[in-house]
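# Structure assessment
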Amino acid sequence: MAPHFGLAEFGFLLRGLQWTMLLTLVAFVGGCTAGLAVALLRTCGHKGVEWVIRIYIGIFQGTPLLLQLFVVYYGLALTGLKLDAFVAVAIGFTVNASAFLGEIWRGAIQAVPRGQTEGAMALGLHYSSRMRDIVLPQAIRISLPATIGYLVQLIKGTSLAAIVGFIELARAGQIVSNQTFQPLLVFGVVGAMYFILCWPLSWWGSRMEARLALASQR
Amino acid sequence: MQDQILIEMKGVQKWYGGYQALRNVDLTVRRGEKIVLCGPSGSGKSTLIRCINRLEPIQQGSIVVNGHRLDDSIKAIDVVRQDVGMVFQSFNLFPHMTVLQNCTLAPIRARRASKSEAEATARKYLERVRIGDQAEKYPAQLSGGQQQRVAIARALCMQPKVMLFDEPTSALDPEMVKEVLDTMIGLANDGMTMICVTHEMGFARQVADRVIFMAEGQIIEEGAPEAFFRNPQHARTRQFLGEILAHH
């Protein structure tokens, strides 16, 4: 006789949720760090470097994330590097996020008016100060809605990690559903958990967007 | 001291791709001189002053500022930018910083001034452009004329040897032009070396030691304002003056 969906099953889903959040956090923080480097290199003014970064972005935006996860998990294993499932998907998501966030921020950096950089240059400010003090603070503001939007996509996208056997929220739901034969209930709960995680972020993002639109009208 | 050469441009040529923006420009500016550059749009006057602080690279010729030859090295560009202040048509204030922060950033970062030192200097210059009471505001809270005066104060905080003005009043509503011009006149009277790209011929008459007319990337003629306006030598200059003075 199959077990009913009870506290134990709910606890199992919660642990899946925890893994989803942890994976998202690692991928987002790692993706932000690497993405910043991608965005800066992509706008550095050196044609060769910009070209290489463009290819990097093109590869990760132009191939399925699933494929990228396979390559990290199975591909690296073939070279003798056997990675833990969590480490493998964390690497995969981080690298993928670096390409997407890098491209979002590249656009934001280029959206900061040229006069800002010229004003800073005329004052004798160096590249590091121009970026840190002038361009990036404005670019981050511009990119915030898109960045939050990407974070929401990332949270939901982590369900792909199940494919290499990593038990996050979606995979946990599948397991519980198979045990209890209560798919509607189980996936209803899983969906609610994703929703609770994502909706406030989406709301925050669109509020931010509206506020930015208002500010740019002034 | 008065005759000391501050800026010397020799045989400067500049191209944007196939388009030649500056043709064999020679220009010598002495310490304390006030120069007004005028000419039709596209004549290269903005490009010329943007070459002086290396916002634009040149392809041929030489530029020496305060004894330092400007080349492609970061060090040379640095040294020159320390000596050259610039005011833009579009102000280019940093919108996410207060007026005071706009004025103290460069002294702190590029001159390694302490925060209190930089703020004292900034307040002094903000007073001087009569905007000391707005120091804590953000640029967007100020009028265009006020913003441009902040931009002038911000440049002065770096204690430049020469100030470049790139059409500083062109983006302003008419009623705000005077406050900015008055600030510039004050600066000129204090002995600042200035190169101004402007169509404000009243300003040119009042403060300029020399007026230079440019067309198609070349310096066509130059002279003291009185002679320049009363008796321009070239047909091209007469045509230009006829066009702009008709509206004044």
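Treat the numbers as computed from the prediction; the structure is a model and nothing was measured.

## Describing the interface of chain B and chain A
- Listed by partner, the interface residues are 21 residues for chain B and 18 residues for chain A.
- Summing both partners gives a buried area of about 1700 Å² for chain B against chain A, and 59% of it is carried by carbon and sulfur.
- When the area that chain B buries against chain A is broken down by residue, the three leading residues are Arg81, His96 and Arg109 of chain B, summing to 31%.
- The interface formed by chain B and chain A holds two salt bridges in total.

## Overview of the sheet that holds strand S10 (residues 218–223) of chain B
Residues and elements named next belong to chain B.
- Read from one edge of the open sheet, six strands run S6-S7-S8-S3-S9-S10, paired in mixed fashion. Two strands lie at the open edges of the sheet, namely strand S6 (84–87) and S10, each paired on one side alone. Each adjacent strand pair in this sheet contributes to an overall mean axis angle of 20 degrees, direction not counted.
- Sheet topology places strand S9 (residues 210–215) next to S10; five bridges connect them, and they run antiparallel. Its bridge partner lying in S10, alanine 215 is registered against glutamine 218.
- Packed on one face of the sheet, helix H1 (residues 45–52) meets strand S3 (34–38), S6, strand S7 (162–166), strand S8 (193–197) and S9 and runs near 150 degrees to S7.

## Some thoughts on the layout of surface pockets
- Estimated volume of the second largest pocket: approximately 740 Å³.
- Lining of the second largest pocket is provided by 25 residues; of these, Arg114, Thr117, Met121, Tyr127 and Arg130 of chain A occupy positions nearest its centre.
- Breaking the lining of the second largest pocket down by element, the ones donating at least two residues are helix H4 (85–111), helix H5 (114–122) and helix H6 (127–157) of chain A together with helix H2 (74–83) of chain B.
- Along the lines of polarity and charge, the residues of the lining of the second largest pocket split into 13 nonpolar, six polar and six charged.

Conventions and cut-offs
- Counting from 1, residues in each chain are numbered in the order their sequence is written.
- Chain letters and ligand numbers both follow the written order, the letters beginning at A and the numbers at 1.
- Given that the model is predicted, a residue must reach a pLDDT of at least 70 before its local features are reported, and side-chain atom pairs must reach 80 or more before they are shown or counted; all residues, however, enter totals for whole chains, interfaces and linings.
- For the side-chain quantities, the full set of heavy atoms in the structure was used; hydrogens and water were omitted.
- Contact between two residues is taken to exist if any of their heavy atoms lie within 4.5 Å; hydrogens are not considered.
- By buried area we mean the combined loss of accessible area, with a 1.4 Å probe, across both parts when two parts are placed together.
- Salt bridges are defined by distance alone: a side-chain nitrogen of Lys or Arg within 4 Å of a carboxyl oxygen of Asp or Glu.
- If DSSP finds at least two bridges between two strands, the strands pair.
- Comment: elements are numbered from the N terminus, with helices defined as DSSP H or I runs of at least four residues and strands as E runs of at least two.
- Fitting a line to C-alpha atoms yields each axis, with helices limited to the stretch in contact; the angle taken between N-to-C directions then spans 0 to 180 degrees.
- The pocket and cavity definitions rest on a 1 Å grid over protein atoms only: a 1.4 Å probe that fits but cannot leave marks a cavity, an open set with protein on both sides within 12 Å along at least five of seven lines marks a pocket, and residues lining either have an atom within 4 Å of a point.
- Grid points are joined across faces, edges and corners, and a volume is the space filled by probe spheres set on the points.
- The nonpolar class holds Ala, Val, Leu, Ile, Met, Phe, Trp, Tyr, Cys and Pro. Asp, Glu, Lys and Arg form the charged class, and all remaining residues, Gly among them, are polar.

Function cannot be read off these values alone, since they describe shape.
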